[in-house]
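The lines below spell out each chain.
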Amino acid sequence: MPKVDSRKPKRVNIKKERQKLIKEKRKSYPEQEINIDKKSTKKIDIRLEKETKLYWVRAITAVLSGLLGRLLLGIFGIWLFIWMLCFWFLTPFFVSFIILKYKYDKEEWNWKNIIKPGIGIFFLLFMIITVVTHTFLAFI
């Protein structure tokens, strides 16, 4: 038999350990139920819904700005980069306050929540669309 290394830590399944702790807690306090504040979950749901809408608006904006910038306007290089940054940072504020008409609240809906959703998808889709468009234009 192979020798077992006693210095090696034992593997622990975190999910099972957490379930055990929850069961022990419920056994020790059976009359006390775990209550979730419905008001706070409703605020979280509203914020997630707003962020989801902004995410998909960013995805559509990336495709349209990539096509518009490279195909119709014919910009490339550093000017295309500046074009991307303008749409990347300015469009979410425009969409959030003018089109979707969200209220600015420093604690619940601030500038970080506006900028954050969809940064990765915007960059990915913008790059894919502009590279493919530029490649097709180069072959034509």
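The shown structure was predicted, so the numbers you read here are calculated from the model rather than taken from an experiment.

1. Details of the packing of helix α3 (residues 78-99) against helix α5 (residues 119-139)
Moving on, step 1. Packing of α3 against α5 brings their axes to within 11 Å, and their N-to-C directions diverge by 145 degrees. Like other packed secondary-structure pairs, α3 and α5 cross with a definite hand, here right-handed. The segment α3 lies against α5, with Leu80, Trp83, Met84, Phe87 and Trp88 engaging Ile119, Phe122, Phe123, Phe126, Met127 and Thr130.
Moving on, step 2. Taken together, the residues that form the contact of α3 with α5 break down as 10 nonpolar, one polar and no charged.

2. Overview of the pattern of salt bridges
Moving on, step 1. One pass over the structure, following the stated rule, counts one salt bridge.
Moving on, step 2. The partner of Lys53 in a salt bridge is Glu49, and the shortest N-O contact between them spans 3.8 Å. Here Lys53 pairs with Glu49, and both are found in helix α2 (residues 38-72), just four residues apart, close to one helical turn.
Moving on, step 3. Owing to a relative accessible area of 47%, Glu49 belongs among the partly exposed residues under this scheme.

3. With respect to the nonpolar core
Moving on, step 1. Formed by Ala62, Leu80, Met84, Trp88, Phe122 and Phe126, the largest nonpolar core amounts to six residues.
Moving on, step 2. Of all the secondary structure elements, the ones that give two or more residues to this core are α3 and α5.
Moving on, step 3. It is α3 that contributes the most residues to this core, three residues altogether.
Moving on, step 4. Each residue touching Ala62, except ones within four places of it in the same chain, is listed here: Phe122, Leu125 and Phe126.
Moving on, step 5. Grouped together as the second largest cluster of nonpolar side chains are five residues, Leu54, Val95, Trp109 and Ile114 included.

About the criteria used
Residues numbered from 1 in each chain as written. Predicted model: local features only at pLDDT ≥ 70, side-chain atom pairs only at ≥ 80, totals over all residues. Heavy atoms only, no water. Axes fitted to C-alpha atoms, helices over the stretch in contact; angles between N-to-C directions. Helix = DSSP H or I, 4+ residues; strand = E, 2+ residues; numbered from the N terminus. Left-handed = near helix turned anticlockwise from the far one by under 90°. Contact = heavy atoms within 4.5 Å. Nonpolar A, V, L, I, M, F, W, Y, C, P; charged D, E, K, R; others polar. Salt bridge = Lys/Arg side-chain N within 4 Å of Asp/Glu carboxyl O. Buried < 20%, exposed > 50% of the residue type's maximum accessible area, 1.4 Å probe, protein only. Core = buried A, V, L, I, M, F, W, Y, C linked by side-chain atoms within 4.5 Å.

Fair warning: the whole summary comes from geometry, so function is off the table for now.
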